[in-house]
Amino acid sequence: MTQLNQKSDLQVQDLPFEGKFSLRCRSDNLAAVGKALALDLPTRIGDVVEAGGRKAICLGPDEWTIFCSDEDRPAIRKAGEDVYEAAIHSLVDVSFRELGLSISGADAAALINTSCPRDLSAIAVGRGTRTVFDTAQVVLLREGENAFRIYVWRSFYPHVRQLLSVGETELAVGL
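Residues numbered from 1 in each chain as written. Predicted model: local features only at pLDDT ≥ 70, side-chain atom pairs only at ≥ 80, totals over all residues. Heavy atoms only, no water.

The strand order across the open sheet formed by 5 strands is β1-β7-β10-β9-β8, and the pairing between neighbours is antiparallel. Of all the strands in the sheet, just β1 (11–14) and β8 (128–133) have a single pairing partner and so form its edges. Each adjacent strand pair in this sheet contributes to an overall mean axis angle of 30°, direction not counted. Where β1 and strand β7 (residues 98–104) come together, 4 bridges link them in antiparallel fashion. Within the sheet, the bridge partner assigned to Gln-11 lies in β7 and is Ser-104. (Pairing = 2+ DSSP bridges. Helix = DSSP H or I, 4+ residues; strand = E, 2+ residues; numbered from the N terminus. Axes fitted to C-alpha atoms, helices over the stretch in contact; angles between N-to-C directions.)

Rendered as structure tokens:
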């Protein structure tokens, strides 16, 4: 009979609702948009910056996701509108599109790797990436040596959550 590993510190938790914006911007407008958003937007793909309760990850050469509190969403929308004439960009509130999960503990990377092909050791703490979890596109942030966040489109959330649950069970029984 297989015994479950009762010593695991693995935790998978739903993150509370937070604001999320998709930003697309040409490099010559980036400084002005960043100033309006009060963020020094990163230019290297995978880099993450935080300031004033806001966080931005660079996902592509002209693409960022901005994270903020729900209460901060109107201010971000207004900042984008105010700078638009001087610095053309696309800033879209996608707060309801994605759900977030926190995965932490010594087996966090092993759990994520049950369905994600990325070499997580290559993602430094404080960086992130767009990747896949099984067949679902996700944004993965590494917050600590054994702490990650995964953001997944709402429609794929049940699939990802189920795979994580199966992975937790497999790890607990030593598979």
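This part covers helix α4 (residues 157–172). Given 3.6 residues per helical turn, the α-helix brings residues three or four places apart onto the same face. For α4, built from 16 residues, the straight-helix expectation of 22 Å at 1.5 Å per residue is met to within 8% by its first-to-last C-alpha distance of 22 Å. Considered for burial, the residues of α4 that qualify are Tyr-157, Val-160, Leu-164, Gly-167 and Ala-172. The buried side chains of α4 occupy one side of the element, clustering within an arc of 130° when seen end-on. The secondary structure elements touched by the buried residues of α4 are β1, β7, α3 (108–112), β8, β9 (136–144) and β10 (147–153). A positive backbone phi angle near 85° is found at Gly-174, which sits one or two residues after α4. (Expected span 1.5 Å × (residues − 1). Buried < 20%, exposed > 50% of the residue type's maximum accessible area, 1.4 Å probe, protein only. Arc of directions from axis to C-beta. Contact = heavy atoms within 4.5 Å.)

Sheet architecture is open: 5 strands sit in the order β3-β4-β5-β2-β6, paired in antiparallel fashion. What marks the edges here is a single partner per strand, and that holds for β3 (48–51) and β6 (89–93). Going across the sheet, the axis of each strand differs from the next one's by a mean of 20°, ignoring polarity. In this structure, strand β2 (residues 19–25) lies alongside strand β5 (residues 63–68), joined through 6 bridges in antiparallel fashion. Residue pairing across strands places Phe-21 opposite Ile-66, the latter belonging to β5. Contacts from helix α1 (residues 27–37) reach β2, β4 (54–60), β5 and β6, with the element oriented near 150° to β2. Where helix α2 (residues 73–83) meets the sheet, its contacts fall on β2, β4, β5 and β6, and the angle it forms with β6 comes to roughly 160°.

Purely spatial values, then, with no claim about function.
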